[in-house]
Amino acid sequence: MYTPLEPEYTSHTAREIATQPDLWRKAAASAHHYGSVLPRRGERVAVVGCGTSWFMALAYAELREEAGQGETDAFAASLFPVGRHYDRVVVLSRSGTTTELVDLLARLKGRTPVTTVTADANTPVAAVADAVIELAYADEESVVQTRFATTELALLRAHLENEGPLPSGVRPIAQAAADAERAVTAPLPGGMLSAEQITFLGDGWTYGLALEAGLKMREAAGAWTEAYPAMEYRHGPISIAGPGRGTWIFGRPPHGLADDVARTGGRCIAESGDAPGDLDPLADLVRAQRLAVHVAVTRGLDPDRPRALSRSVLLADDRG
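These numbers come from a predicted model, not from an experiment.

**So, helix H6 (residues 147–163)**
- Here H6 spans 24 Å end to end across 17 residues, near enough to the 24 Å set by a 1.5 Å rise per residue.
- Of all the 17 residues making up H6, 14 are buried; the element is thus mostly covered by neighbouring parts of the structure.

So, in C-alpha coordinates, the structure goes:
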(Lines give C-alpha, C1' and ligand atoms only; values in the text may rest on other atoms or scores of the structure.)
Protein backbone atom coordinates (compact mmCIF):
# COMPACT_ATOMS: atom_id res chain seq x y z
CA MET A 1 0.00 0.00 0.00
CA TYR A 2 1.32 3.42 -0.93
CA THR A 3 1.93 5.76 2.02
CA PRO A 4 1.95 9.38 0.85
CA LEU A 5 4.94 11.41 1.96
CA GLU A 6 4.32 14.82 0.42
CA PRO A 7 3.29 17.57 2.87
CA GLU A 8 -0.07 18.00 1.14
CA TYR A 9 -0.99 14.39 1.96
CA THR A 10 -2.23 15.27 5.42
CA SER A 11 -5.90 15.68 4.48
CA HIS A 12 -8.58 13.02 4.55
CA THR A 13 -9.11 13.66 0.84
CA ALA A 14 -5.51 12.90 -0.07
CA ARG A 15 -5.27 9.79 2.08
CA GLU A 16 -8.52 8.50 0.59
CA ILE A 17 -7.22 9.08 -2.93
CA ALA A 18 -4.28 6.78 -2.22
CA THR A 19 -6.51 3.84 -1.21
CA GLN A 20 -8.28 3.51 -4.55
CA PRO A 21 -6.34 0.66 -6.22
CA ASP A 22 -7.18 -1.82 -3.46
CA LEU A 23 -10.79 -0.67 -3.29
CA TRP A 24 -11.25 -1.18 -7.03
CA ARG A 25 -9.95 -4.73 -6.69
CA LYS A 26 -12.34 -5.38 -3.81
CA ALA A 27 -15.27 -4.05 -5.80
CA ALA A 28 -14.34 -6.10 -8.86
CA ALA A 29 -14.07 -9.27 -6.78
CA SER A 30 -17.58 -8.73 -5.42
CA ALA A 31 -19.29 -7.88 -8.72
CA HIS A 32 -20.50 -11.42 -9.37
CA HIS A 33 -22.60 -11.27 -6.19
CA TYR A 34 -24.75 -8.52 -7.68
CA GLY A 35 -25.50 -9.96 -11.10
CA SER A 36 -29.21 -10.35 -10.33
CA VAL A 37 -29.72 -6.69 -9.35
CA LEU A 38 -27.43 -4.93 -11.81
CA PRO A 39 -28.37 -4.39 -15.46
CA ARG A 40 -28.58 -7.54 -17.53
CA ARG A 41 -27.67 -7.74 -21.19
CA GLY A 42 -30.50 -6.35 -23.32
CA GLU A 43 -32.25 -4.36 -20.60
CA ARG A 44 -33.14 -0.73 -21.21
CA VAL A 45 -31.53 1.08 -18.30
CA ALA A 46 -31.36 4.55 -16.78
CA VAL A 47 -28.55 5.52 -14.41
CA VAL A 48 -29.18 8.45 -12.07
CA GLY A 49 -27.05 10.54 -9.72
CA CYS A 50 -26.27 14.05 -8.56
CA GLY A 51 -22.96 15.86 -8.90
CA THR A 52 -20.07 13.41 -8.97
CA SER A 53 -22.43 10.43 -9.08
CA TRP A 54 -24.10 11.87 -12.18
CA PHE A 55 -20.71 12.02 -13.90
CA MET A 56 -20.03 8.38 -12.95
CA ALA A 57 -23.49 7.55 -14.34
CA LEU A 58 -22.54 9.20 -17.65
CA ALA A 59 -19.32 7.18 -17.84
CA TYR A 60 -21.05 3.87 -17.07
CA ALA A 61 -23.93 4.53 -19.48
CA GLU A 62 -21.50 5.13 -22.35
CA LEU A 63 -19.44 2.06 -21.45
CA ARG A 64 -22.50 -0.17 -21.35
CA GLU A 65 -23.77 1.02 -24.71
CA GLU A 66 -20.31 0.79 -26.29
CA ALA A 67 -20.17 -2.82 -25.03
CA GLY A 68 -23.44 -3.55 -26.84
CA GLN A 69 -25.20 -4.57 -23.64
CA GLY A 70 -28.28 -2.41 -24.06
CA GLU A 71 -29.65 1.10 -24.38
CA THR A 72 -28.46 3.09 -21.38
CA ASP A 73 -29.27 6.68 -20.47
CA ALA A 74 -27.79 8.80 -17.67
CA PHE A 75 -29.57 11.65 -15.91
CA ALA A 76 -29.12 14.11 -13.12
CA ALA A 77 -31.92 13.21 -10.70
CA SER A 78 -33.68 16.55 -11.16
CA LEU A 79 -33.91 15.96 -14.93
CA PHE A 80 -35.13 12.36 -14.96
CA PRO A 81 -38.05 11.79 -17.39
CA VAL A 82 -40.41 9.92 -15.08
CA GLY A 83 -42.83 9.07 -17.88
CA ARG A 84 -40.22 7.21 -19.92
CA HIS A 85 -40.09 3.40 -19.69
CA TYR A 86 -37.00 1.59 -18.44
CA ASP A 87 -36.48 -2.02 -17.43
CA ARG A 88 -34.27 -0.94 -14.55
CA VAL A 89 -33.04 2.25 -12.89
CA VAL A 90 -29.64 2.33 -11.18
CA VAL A 91 -29.19 5.08 -8.60
CA LEU A 92 -25.70 6.15 -7.53
CA SER A 93 -25.55 7.99 -4.19
CA ARG A 94 -22.74 8.03 -1.65
CA SER A 95 -24.81 9.59 1.13
CA GLY A 96 -28.19 8.07 0.30
CA THR A 97 -29.88 11.23 1.56
CA THR A 98 -29.90 13.66 -1.38
CA THR A 99 -33.33 15.25 -1.66
CA GLU A 100 -33.70 15.01 -5.45
CA LEU A 101 -32.97 11.27 -5.35
CA VAL A 102 -35.32 10.58 -2.45
CA ASP A 103 -38.11 12.40 -4.28
CA LEU A 104 -37.42 10.59 -7.55
CA LEU A 105 -37.37 7.13 -6.01
CA ALA A 106 -40.67 7.78 -4.29
CA ARG A 107 -42.18 8.52 -7.71
CA LEU A 108 -40.65 5.37 -9.24
CA LYS A 109 -41.71 3.05 -6.43
CA GLY A 110 -43.76 0.16 -7.77
CA ARG A 111 -43.27 1.23 -11.39
CA THR A 112 -39.64 0.40 -12.23
CA PRO A 113 -37.13 -1.85 -10.43
CA VAL A 114 -34.53 0.36 -8.74
CA THR A 115 -31.05 -0.67 -7.61
CA THR A 116 -29.15 1.77 -5.41
CA VAL A 117 -25.38 1.80 -5.02
CA THR A 118 -24.54 3.64 -1.81
CA ALA A 119 -22.12 3.85 1.09
CA ASP A 120 -24.85 3.34 3.70
CA ALA A 121 -27.77 0.94 3.42
CA ASN A 122 -29.62 2.64 6.29
CA THR A 123 -30.59 5.81 4.47
CA PRO A 124 -33.74 7.21 2.80
CA VAL A 125 -32.61 6.39 -0.74
CA ALA A 126 -31.79 2.81 0.19
CA ALA A 127 -35.08 2.43 2.05
CA VAL A 128 -37.17 3.02 -1.08
CA ALA A 129 -35.00 1.02 -3.50
CA ASP A 130 -35.81 -2.53 -4.56
CA ALA A 131 -32.18 -3.61 -4.14
CA VAL A 132 -29.21 -2.05 -2.38
CA ILE A 133 -25.49 -2.49 -3.01
CA GLU A 134 -23.63 -1.10 -0.01
CA LEU A 135 -20.00 -0.07 -0.52
CA ALA A 136 -19.37 1.03 3.06
CA TYR A 137 -15.69 0.18 2.74
CA ALA A 138 -15.30 2.94 0.13
CA ASP A 139 -17.04 5.65 2.15
CA GLU A 140 -15.16 8.86 2.89
CA GLU A 141 -14.68 11.37 5.67
CA SER A 142 -14.04 14.13 3.15
CA VAL A 143 -16.87 16.17 1.68
CA VAL A 144 -15.14 15.91 -1.71
CA GLN A 145 -15.88 12.55 -3.33
CA THR A 146 -12.94 10.63 -4.73
CA ARG A 147 -12.65 6.96 -3.85
CA PHE A 148 -16.36 6.18 -3.47
CA ALA A 149 -17.13 7.48 -6.94
CA THR A 150 -14.35 5.57 -8.66
CA THR A 151 -15.07 2.40 -6.68
CA GLU A 152 -18.73 2.36 -7.72
CA LEU A 153 -17.61 2.80 -11.33
CA ALA A 154 -15.06 0.00 -10.86
CA LEU A 155 -17.87 -2.26 -9.63
CA LEU A 156 -20.01 -1.42 -12.65
CA ARG A 157 -17.08 -1.93 -15.03
CA ALA A 158 -16.39 -5.32 -13.47
CA HIS A 159 -20.05 -6.24 -13.90
CA LEU A 160 -19.80 -5.32 -17.58
CA GLU A 161 -16.80 -7.64 -17.87
CA ASN A 162 -18.85 -10.44 -16.32
CA GLU A 163 -21.73 -9.81 -18.74
CA GLY A 164 -19.59 -9.92 -21.88
CA PRO A 165 -16.62 -8.40 -23.72
CA LEU A 166 -15.67 -4.84 -22.87
CA PRO A 167 -15.61 -2.22 -25.63
CA SER A 168 -12.49 -2.22 -27.77
CA GLY A 169 -9.63 -0.47 -26.02
CA VAL A 170 -11.16 -0.59 -22.53
CA ARG A 171 -8.92 -2.43 -20.10
CA PRO A 172 -10.09 -4.94 -17.48
CA ILE A 173 -10.58 -3.34 -14.08
CA ALA A 174 -7.67 -5.36 -12.69
CA GLN A 175 -5.34 -3.57 -15.10
CA ALA A 176 -6.94 -0.22 -14.27
CA ALA A 177 -6.20 -0.87 -10.59
CA ALA A 178 -2.57 -1.63 -11.42
CA ASP A 179 -2.41 1.62 -13.37
CA ALA A 180 -3.91 3.45 -10.38
CA GLU A 181 -1.06 2.22 -8.20
CA ARG A 182 1.28 4.10 -10.51
CA ALA A 183 -1.04 7.10 -10.58
CA VAL A 184 -0.90 7.62 -6.81
CA THR A 185 2.89 7.84 -6.81
CA ALA A 186 3.83 9.27 -10.21
CA PRO A 187 4.93 12.90 -10.52
CA LEU A 188 2.05 15.17 -11.40
CA PRO A 189 2.00 16.43 -15.01
CA GLY A 190 4.40 19.26 -15.65
CA GLY A 191 2.80 22.55 -16.53
CA MET A 192 -0.44 21.72 -14.70
CA LEU A 193 0.74 22.50 -11.17
CA SER A 194 0.88 26.22 -11.81
CA ALA A 195 -1.62 26.47 -14.67
CA GLU A 196 -3.93 29.47 -14.49
CA GLN A 197 -6.72 27.45 -16.10
CA ILE A 198 -7.26 23.81 -17.13
CA THR A 199 -9.79 22.36 -19.55
CA PHE A 200 -10.52 18.63 -19.24
CA LEU A 201 -11.64 16.68 -22.30
CA GLY A 202 -12.94 13.18 -22.89
CA ASP A 203 -14.55 11.10 -25.61
CA GLY A 204 -17.33 8.56 -25.08
CA TRP A 205 -17.20 7.18 -21.54
CA THR A 206 -14.23 9.35 -20.61
CA TYR A 207 -16.29 12.53 -21.01
CA GLY A 208 -17.83 11.75 -17.62
CA LEU A 209 -14.30 11.51 -16.19
CA ALA A 210 -13.42 14.89 -17.70
CA LEU A 211 -16.45 16.46 -16.05
CA GLU A 212 -15.48 14.88 -12.74
CA ALA A 213 -11.85 16.05 -12.97
CA GLY A 214 -13.01 19.61 -13.54
CA LEU A 215 -15.39 19.38 -10.59
CA LYS A 216 -12.65 18.11 -8.27
CA MET A 217 -10.45 21.07 -9.12
CA ARG A 218 -13.30 23.50 -8.49
CA GLU A 219 -14.44 21.84 -5.26
CA ALA A 220 -11.08 21.30 -3.59
CA ALA A 221 -9.08 24.22 -4.94
CA GLY A 222 -11.56 26.79 -6.21
CA ALA A 223 -9.77 26.55 -9.56
CA TRP A 224 -11.00 27.76 -12.94
CA THR A 225 -11.69 24.61 -14.93
CA GLU A 226 -13.97 23.61 -17.76
CA ALA A 227 -14.83 20.28 -19.37
CA TYR A 228 -16.07 19.32 -22.84
CA PRO A 229 -16.40 16.36 -25.19
CA ALA A 230 -13.01 16.19 -26.91
CA MET A 231 -14.34 16.75 -30.42
CA GLU A 232 -16.28 19.82 -29.28
CA TYR A 233 -13.17 21.60 -28.02
CA ARG A 234 -12.35 23.07 -31.42
CA HIS A 235 -15.86 24.52 -31.67
CA GLY A 236 -15.15 27.55 -29.52
CA PRO A 237 -13.68 26.47 -26.16
CA ILE A 238 -10.14 26.23 -27.52
CA SER A 239 -10.21 30.01 -27.68
CA ILE A 240 -9.27 30.15 -23.99
CA ALA A 241 -6.17 27.98 -24.47
CA GLY A 242 -2.87 29.81 -24.29
CA PRO A 243 0.38 30.25 -22.38
CA GLY A 244 0.01 29.33 -18.72
CA ARG A 245 -3.13 27.29 -19.37
CA GLY A 246 -3.60 23.56 -19.77
CA THR A 247 -5.66 21.02 -21.69
CA TRP A 248 -5.94 17.55 -20.14
CA ILE A 249 -7.37 14.79 -22.34
CA PHE A 250 -8.66 11.49 -20.92
CA GLY A 251 -8.06 8.67 -23.36
CA ARG A 252 -6.99 8.91 -26.97
CA PRO A 253 -6.92 12.53 -28.22
CA PRO A 254 -8.65 13.38 -31.49
CA HIS A 255 -6.25 13.57 -34.40
CA GLY A 256 -4.38 16.89 -34.48
CA LEU A 257 -5.90 18.31 -31.30
CA ALA A 258 -2.67 18.30 -29.30
CA ASP A 259 -1.01 20.24 -32.14
CA ASP A 260 -3.87 22.73 -32.16
CA VAL A 261 -3.39 23.35 -28.44
CA ALA A 262 0.37 23.64 -28.86
CA ARG A 263 -0.11 26.38 -31.45
CA THR A 264 -1.92 28.47 -28.83
CA GLY A 265 1.05 28.21 -26.49
CA GLY A 266 -0.96 26.09 -24.06
CA ARG A 267 0.16 22.85 -22.46
CA CYS A 268 -1.59 19.61 -23.51
CA ILE A 269 -1.32 16.22 -21.83
CA ALA A 270 -3.03 12.97 -22.80
CA GLU A 271 -2.83 9.33 -21.82
CA SER A 272 -4.20 7.46 -24.79
CA GLY A 273 -4.52 4.20 -22.91
CA ASP A 274 -3.16 2.37 -25.95
CA ALA A 275 0.57 2.16 -25.19
CA PRO A 276 1.81 -0.16 -22.41
CA GLY A 277 2.99 2.77 -20.30
CA ASP A 278 -0.22 4.78 -20.59
CA LEU A 279 -2.69 4.96 -17.74
CA ASP A 280 -6.23 3.69 -17.92
CA PRO A 281 -8.47 6.80 -18.02
CA LEU A 282 -9.96 5.98 -14.61
CA ALA A 283 -6.44 5.80 -13.20
CA ASP A 284 -5.66 9.09 -14.91
CA LEU A 285 -8.57 10.59 -12.94
CA VAL A 286 -6.60 9.70 -9.80
CA ARG A 287 -3.85 12.03 -10.99
CA ALA A 288 -6.38 14.81 -11.47
CA GLN A 289 -7.68 14.22 -7.94
CA ARG A 290 -4.14 14.53 -6.62
CA LEU A 291 -3.64 17.70 -8.61
CA ALA A 292 -6.76 19.20 -7.02
CA VAL A 293 -5.37 18.54 -3.54
CA HIS A 294 -1.95 19.89 -4.47
CA VAL A 295 -3.38 23.11 -5.89
CA ALA A 296 -5.64 23.54 -2.86
CA VAL A 297 -2.71 23.24 -0.47
CA THR A 298 -0.52 25.62 -2.46
CA ARG A 299 -3.37 28.16 -2.32
CA GLY A 300 -3.69 27.78 1.44
CA LEU A 301 -7.05 25.99 1.22
CA ASP A 302 -8.26 22.93 3.12
CA PRO A 303 -9.42 20.31 0.58
CA ASP A 304 -11.44 18.58 3.32
CA ARG A 305 -13.57 21.69 3.86
CA PRO A 306 -14.51 23.10 0.46
CA ARG A 307 -16.27 26.42 0.43
CA ALA A 308 -20.10 26.39 0.39
CA LEU A 309 -20.31 22.58 0.11
CA SER A 310 -21.73 19.86 2.34
CA ARG A 311 -21.59 16.07 2.13
CA SER A 312 -25.19 15.83 0.93
CA VAL A 313 -27.62 18.38 -0.50
CA LEU A 314 -30.80 18.46 1.56
CA LEU A 315 -33.46 20.85 0.30
CA ALA A 316 -36.09 22.49 2.46
CA ASP A 317 -39.63 21.55 1.45
CA ASP A 318 -41.17 24.87 0.46
CA ARG A 319 -43.82 23.44 -1.86
CA GLY A 320 -46.68 23.65 0.58
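**Some remarks on the sheet that holds strand S4 (residues 114–118)**
- The strand order across the open sheet built from five strands is S2-S1-S3-S4-S5, with neighbouring strands paired in parallel fashion. Taken across any chain shown, the strands that pair with only one partner, and hence form the sheet edges, are strand S2 (72–76) and strand S5 (131–134). Direction aside, neighbouring strands of the sheet carry axes that sit 20° apart on average.
- Taken together, the five bridges between strand S1 (residues 45–49) and S2 define a ladder with parallel strand orientation. Considered in S2, the bridge of Ala46 is made with Asp73.
- The strands touched by helix H4 (residues 99–108) are S1, strand S3 (88–93) and S4; relative to S3, the strand with the most contacts, the crossing angle is about 160°.
- The sheet contacts of H6 involve S3, S4 and S5, and relative to S3 the element is tilted by about 150°.

**Regarding the confidence of the model for the chain**
- With 91% of its residues at a pLDDT of 70 or more, the chain has an overall mean of 91.
- Note on residues 1–8: pLDDT under 50 across the span, and 14 contacts to partners over four residues away in sequence or across chains.

Scoring rules and cut-offs
Residues numbered from 1 in each chain as written. Predicted model: local features only at pLDDT ≥ 70, side-chain atom pairs only at ≥ 80, totals over all residues. Heavy atoms only, no water. Helix = DSSP H or I, 4+ residues; strand = E, 2+ residues; numbered from the N terminus. Expected span 1.5 Å × (residues − 1). Buried < 20%, exposed > 50% of the residue type's maximum accessible area, 1.4 Å probe, protein only. Pairing = 2+ DSSP bridges. Axes fitted to C-alpha atoms, helices over the stretch in contact; angles between N-to-C directions. Contact = heavy atoms within 4.5 Å. pLDDT = per-residue confidence, 0-100.

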